[in-house]
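Residues per chain are reported as follows:
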Protein chains: 6
Amino acid sequence: MATVPMITDEEASAEVRAVFDDIRKTRNTNFINNFWRGLANDPKQMKAVWEEIKAVMGPGTLDPLTKEMIYIAVSAANACSYCIHSHTAAAKAKGMSAEQHGELMRVIALAGKTNHAVNAMQLEVDEAFKV
Amino acid sequence: MATVPMITDEEASAEVRAVFDDIRKTRNTNFINNFWRGLANDPKQMKAVWEEIKAVMGPGTLDPLTKEMIYIAVSAANACSYCIHSHTAAAKAKGMSAEQHGELMRVIALAGKTNHAVNAMQLEVDEAFKV
Amino acid sequence: MATVPMITDEEASAEVRAVFDDIRKTRNTNFINNFWRGLANDPKQMKAVWEEIKAVMGPGTLDPLTKEMIYIAVSAANACSYCIHSHTAAAKAKGMSAEQHGELMRVIALAGKTNHAVNAMQLEVDEAFKV
Amino acid sequence: MATVPMITDEEASAEVRAVFDDIRKTRNTNFINNFWRGLANDPKQMKAVWEEIKAVMGPGTLDPLTKEMIYIAVSAANACSYCIHSHTAAAKAKGMSAEQHGELMRVIALAGKTNHAVNAMQLEVDEAFKV
Amino acid sequence: MATVPMITDEEASAEVRAVFDDIRKTRNTNFINNFWRGLANDPKQMKAVWEEIKAVMGPGTLDPLTKEMIYIAVSAANACSYCIHSHTAAAKAKGMSAEQHGELMRVIALAGKTNHAVNAMQLEVDEAFKV
Amino acid sequence: MATVPMITDEEASAEVRAVFDDIRKTRNTNFINNFWRGLANDPKQMKAVWEEIKAVMGPGTLDPLTKEMIYIAVSAANACSYCIHSHTAAAKAKGMSAEQHGELMRVIALAGKTNHAVNAMQLEVDEAFKV
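These figures come from a predicted structure and were not determined experimentally.

### Remarks on the overall build of chain A
The helix and strand inventory of chain A stands at six helices and zero strands. Listed by position from the N terminus, the elements making up chain A come as α-α-α-α-α-α. Expected size for 131 residues packed as a compact globule is a radius of gyration near 14 Å; at 18 Å, chain A overshoots this value by more than 25%. Dimensions of chain A, computed from C-alpha atoms along their principal axes, come out at roughly 55 × 35 × 30 Å. For chain A, with 131 residues in total, the buried portion stands at 63%. In the structure as shown, chain A presents an accessible area of about 4900 Å², 54% of it carried by carbon and sulfur atoms. Positive and negative charge centroids in chain A, built from 14 and 16 side chains respectively, lie 4 Å apart.

So this is what it looks like as structure tokens:
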């Protein structure tokens, strides 16, 4: 159970309802996941996060699937269970194959390994990397 | 200063030297960065990590630049300063543009933001994400 | 299920019982939460933690509610699910309003965002901050 | 050295210059810290972060000093060195006394301690916390 | 529910089956835990991880129980719930007593505490530690 | 530079001086490292942490060197640079060999790797681990 109530469609204020509507239209689905129902307790924050996600996760010089995989990587390092589930679902919906998922997990695991080894050794940054 | 000595070419055992040689040949440079000079204190581990990095970070269903960006993302979440420097240098060497770098940082920042918000709310994973 | 047994009132040693009694008296409730039932496997540690919590979390130059919110912030960053639940309950019991909870979560989210952005950029500390 | 160049006043585009100007006016100082000079590589992100910080960190149901202390707490847990320095400076500028700083650090330390103990025990959330 | 399917014995390829067999023989049990059933989605990675675990976690200059406790310590800091459960079970199977478990948790808790305090203070490394 | 002043012997209050004296006597050295000079800004906290460290890190069912290695492991996962330096120095002073240090780093690295892989897969805890 969450530390905030999940705002239902019925409980949604006009401001929240407008974001719910935009999420439904943008994603072409009636489903509103708990992230939005939780954020809806703070309608201004909810709207700001939705605008930010639309601006950041859409196509740019990186494609949307690459961005979802980067999102999963950060979320795995931060042990954010919900985030890993939701962004893995999003990545699959955007076409991530099982092979790509496997490669993503290998890179995440390798980075976790060397991050820990490097921290334990407290390596100094090479001059060559400072340019 | 690191918690282990940086192994110089002169101090390198034959086993370490062989890995140094392979790194130089593979990367087409004479430069050996501190990561390898630190790991060289444990030659077996060093060789195993080098083989793993070659296997994981090469081309596959994800391209090498995408993998470097995922590596940076994990390293930023883990606050591994050396890793961020070395993999940002690697990503730039593999062609990451300033625009791609900027987009990468926006995704990392957004993931950091929502990871924290979601953890603070302790959201339950939606049934729809469990399929 | 936890990795240690939850110590019931019946199983509690005299040393543990004394701490249970003090918790009940101090909090004016019969309820002993799992944190204490788990720590009770190591009575000395349990007693020391209880004394520390009473000393640190009581009123001082910061008020108890502010301290609970700081506690939630650290726990969110560390992805400690139990801690977030228990200290959010404590903060609500100490009067945290829904508006304050919302503001707390905005600050936690913003800090998570900029922590990640700053780590990804590996910014040098300004001289002005070193005084 | 950072992984992105620090944008000087001379290099700043009109868009960046406008944010620099607003920072200077809002804070009543000529000093622009590295956080903004680094973010300025991505003017849109820089402007968005500045607007978010102004909206979140200003007075509300929590006072600005409390927010700075929450920010420090998250940053300590995330090991974001720059963030700890800059927000500690900000907290001091907003009147944080040495005693308050000391209390803040005690709470951060205690939370770090119990977060680790609780994670090691994998405690189940009490039913009483789920209401 | 995991983000990857758990590979059953029936679904296992010959390559996966060979690792399952080796796990069963090495551990002298028929039980294959979810870690391996999840990794089995990427047979090469699964085999590599199994070989690494056998090489690293076996006896050396540190005994296997000490290694399990170090593993638990890292996993607690990283909030990896599954890892804490599986390695605590492994440590108990290797003879960890309740007293040792208690001492382990005290050290983990103390390290978590001082890690947070030190990060909040941003202490400079003493010259004496740099030799 | 730290966010708090380092308290010199001359600036030390009687309470702080008493702890400095005990540290010097217990460790049989005149050297007081920055951890204590920083904590000395809050004499009560300093004294409490010193008493806790003496109680936790001394011999018990785990030997002091094992405890130092567990401390390093947590500190590496938490990216606490100062802590890694100081506890690696302590471990070496307590007899940690280069081989033991190498093994410690392999376990830390492996745990970092599997922690990340497991988090990315969101594995469910096996029933067998819940007993």
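And the narrative resumes.
### Examining unusual backbone geometry
Residue D:Asn28 is not a glycine yet carries a positive backbone phi of 55°. For D:Asn28, a relative accessible area of 71% puts it in the exposed group.

### Things to note about the packing of helix 6 (residues 98-121) of chain C against helix 3 (residues 43-57) of chain D
Orientation of helix 6 of chain C relative to helix 3 of chain D, taken along the N-to-C sense of each, is 150°, at an axis distance of 10 Å. Compared by their axis directions, helix 6 of chain C and helix 3 of chain D come out roughly antiparallel. Pair helix 6 of chain C / helix 3 of chain D crosses with left-handed handedness. Here C:Arg106, C:Val107, C:Leu110, C:Lys113 and C:Thr114 of helix 6 of chain C come into contact with helix 3 of chain D, specifically with D:Gln45, D:Val49, D:Glu52, D:Ile53, D:Val56 and D:Met57. Residue composition of the contact of helix 6 of chain C with helix 3 of chain D, by class: six nonpolar, two polar and three charged.

### So, the environment of E:Leu65
Residues and elements named next belong to chain E. By secondary structure assignment, the location of Leu 65 is in helix 4 (residues 64-77). Overall, Leu 65 belongs to the buried group, its relative accessible area being 11%. For the pair Leu 65 and Lys 92, spaced 27 residues apart in sequence, the C-alpha to C-alpha distance is 8.6 Å. Once residues within four sequence positions are removed from consideration, Leu 65 is found in contact with Ala 91, Lys 94, Gly 95, Met 96 and Gln 100.

### Things to note about empty space enclosed by the protein
Inspection of every chain in the model, using the stated rule, returns one cavity of 30 Å³ or more. Roughly 250 Å³ of internal volume is contained in the largest cavity. As for the largest cavity, its lining consists of 18 residues, and the residues nearest its centre are A:Ala77, B:Ala77, C:Ala77, D:Ala77 and F:Ala77. Taken together, the residues that form the lining of the largest cavity break down as 12 nonpolar, six polar and no charged.

### Some thoughts on the relation of the copies chain A and chain B
Superposition record for chain A on chain B: RMSD 0.0 Å, screw rotation 180°, translation along axis 0.0 Å. Such values leave the two copies arranged in the relation of a two-fold axis. Here 100% of the interface residues in chain A have copies in chain B that are interface residues too; the copies meet face to matching face.

### A look at the interface of chain A and chain B
How big an interface is tends to be expressed through the accessible area that disappears when the partners come together. Between chain A and chain B, the residue contacts involve 63 residues of the former and 63 residues of the latter. Taking both sides of the interface into account, the surface hidden between chain A and chain B amounts to around 5900 Å²; carbon and sulfur atoms contribute 68%. Counting every contact that joins chain A to chain B gives four salt bridges. For B:Lys67, the salt bridge is made with A:Glu103, and the minimal N-O distance between the two is 2.4 Å. Secondary structure elements with two or more residues in the side of chain A that touches chain B: helix 2 (34-39), helix 3 (43-57), helix 4 (64-77), helix 5 (81-93) and helix 6 (98-121) of chain A. Take the side of chain A that touches chain B: its biggest share by element is 17 residues, from helix 6 of chain A. In terms of residue class, the side of chain A that touches chain B is made up of 36 nonpolar, 19 polar and eight charged.

### Some details on the nonpolar core
With 282 residues, the main nonpolar core has A:Trp36, B:Trp36, C:Trp36, D:Trp36, E:Trp36 and F:Trp36 as its most contacted residues. Not counting the four nearest positions on each side in its chain, A:Trp36 is found in contact with A:Phe20, A:Ile23, A:Arg27, A:Met46, A:Val49, A:Trp50 and A:Ile53.

### Section: the packing of helix 1 (residues 14-27) of chain E against helix 3 (residues 43-57) of chain E
Residue and element names in this part refer to chain E. Contact pair helix 1 / helix 3: the axes reach a minimum separation of 9 Å and the direction vectors enclose 20°. Taken together, the axes of helix 1 and helix 3 are roughly parallel relative to one another. Along this stretch, helix 1 crosses helix 3, giving a crossing that reads as left-handed. On helix 3, the residues touching Glu 15, Val 16, Val 19, Phe 20, Asp 22, Ile 23, Thr 26 and Arg 27 of helix 1 are Pro 43, Lys 44, Met 46, Lys 47, Trp 50 and Lys 54. In terms of residue class, the contact of helix 1 with helix 3 is made up of seven nonpolar, one polar and six charged.

### A word on the domain arrangement of chain A
Residues and elements named next belong to chain A. Taken as a whole, chain A is organised into domain 1 (1-57) and domain 2 (60-131). The straight-line distance from the C-alpha centre of domain 1 to that of domain 2 is 26 Å. Buried surface at the junction of domain 1 and domain 2, summed over both partners, amounts to about 470 Å²; 58% is from carbon and sulfur atoms. Seen at the junction of domain 1 and domain 2, the total is zero salt bridges. The tally of links between domain 1 and domain 2 comes to four residue pairs in polar contact (both at pLDDT 80 or more). Only helix 2 and helix 3 provide two or more residues apiece to the side of domain 1 that touches domain 2. Looking at side-chain class alone, the side of domain 1 that touches domain 2 contains three nonpolar, two polar and no charged residues.

### Topic: the packing of aromatic side chains
Tallied over the full model, the rule gives 24 aromatic pairs over all chains. Pairing A:Trp36 with A:Trp50 gives two aromatic rings, centres 5.3 Å apart and planes at 90°, and the pair type is edge-to-face. You can see A:Trp36 sitting in helix 2 and its partner A:Trp50 sitting in helix 3, a full 14 residues away along the chain. Residue class for A:Trp36 comes out buried when judged on its relative accessible area of 1%. Judged by centre distance (6.1 Å) and plane angle (75°), the ring pair of C:Phe129 and D:Tyr82 falls under edge-to-face. With C:Phe129 in the segment after helix 6 and D:Tyr82 in helix 5 (residues 81-93), this pair bridges two chains. Here C:Phe129 falls in the buried class, since its relative accessible area comes to 16%. What makes D:Tyr82 buried here is its relative accessible area of 3%.

### Focus: helix 1 (residues 14-27) of chain B
All names here are of chain B. With 14 residues, helix 1 should reach 20 Å at 1.5 Å per residue; the first-to-last C-alpha distance of 20 Å fits that figure. Those residues of helix 1 lying buried are Val 16, Val 19, Phe 20, Ile 23 and Arg 24. Relative to the axis of helix 1, the buried residues are bounded by an arc of 135° and lie together on one face. Summarising the geometry of helix 1, the exposed residues directed more than 90 degrees from the buried face are Ala 14 and Lys 25. Buried residues along helix 1 sit against helix 2 (34-39) and helix 3 (43-57). Backbone geometry just after helix 1 places Asn 28 at a positive phi near 55°.

### Describing the state of the cysteines
Residue and element names in this part refer to chain A. Overall, the coordinates contain six disulfides over all chains when judged by the stated rule. Each sulfur of the disulfide joining Cys 80 and Cys 83 lies 2.1 Å from the other. Between Cys 80 and Cys 83, the S-S dihedral sits near 45°, and the bridge is therefore right-handed. Considered together, Cys 80 and Cys 83 belong to a single accessibility category, that of buried residues.

### Considering the pattern of salt bridges
One pass over the structure, following the stated rule, counts 72 salt bridges over all chains. Linking F:Glu127 and F:Lys130 is a salt bridge whose minimum nitrogen-to-oxygen distance equals 3.3 Å. For F:Lys130, a relative accessible area of 26% translates into the label partly exposed. Within this structure, A:Asp22, A:Lys47, A:Glu51 and A:Lys54 form a network of salt bridges that share partners.

Quick notes on the rules
- Residues numbered from 1 in each chain as written.
- Chains lettered and ligands numbered in written order.
- Predicted model: local features only at pLDDT ≥ 70, side-chain atom pairs only at ≥ 80, totals over all residues.
- Heavy atoms only, no water.
- Helix = DSSP H or I, 4+ residues; strand = E, 2+ residues; numbered from the N terminus.
- Rg over C-alpha atoms; globule rule 2.2 N^0.38 Å.
- Buried < 20%, exposed > 50% of the residue type's maximum accessible area, 1.4 Å probe, protein only.
- Areas by Shrake-Rupley, 256 points an atom, 1.4 Å probe, with all protein chains shown as cover.
- Lys, Arg positive; Asp, Glu negative; His and termini not counted.
- Charge placed at Lys NZ, Arg CZ, Asp CG, Glu CD.
- Axes fitted to C-alpha atoms, helices over the stretch in contact; angles between N-to-C directions.
- Parallel < 35°, antiparallel > 145°, perpendicular 65-115°, else oblique.
- Left-handed = near helix turned anticlockwise from the far one by under 90°.
- Contact = heavy atoms within 4.5 Å.
- Nonpolar A, V, L, I, M, F, W, Y, C, P; charged D, E, K, R; others polar.
- 1 Å grid on protein atoms, 1.4 Å probe; cavity = no way out; pocket = protein on both sides within 12 Å on 5 of 7 lines; lining within 4 Å.
- Points joined across faces, edges and corners; volume = space filled by probe spheres on them.
- Least-squares fit on C-alpha atoms with pLDDT ≥ 70 in both.
- Buried area = accessible area lost by both parts, 1.4 Å probe.
- Salt bridge = Lys/Arg side-chain N within 4 Å of Asp/Glu carboxyl O.
- Core = buried A, V, L, I, M, F, W, Y, C linked by side-chain atoms within 4.5 Å.
- Domains from an automatic or database assignment.
- Polar contact = N/O pair within 3.5 Å; in protein donor to acceptor, adjacent residues only side chain to side chain.
- Phe/Tyr/Trp six-rings, centres within 6.5 Å; stacked < 30°, edge-to-face > 60°.
- Expected span 1.5 Å × (residues − 1).
- Arc of directions from axis to C-beta.
- Disulfide = S-S within 2.5 Å.

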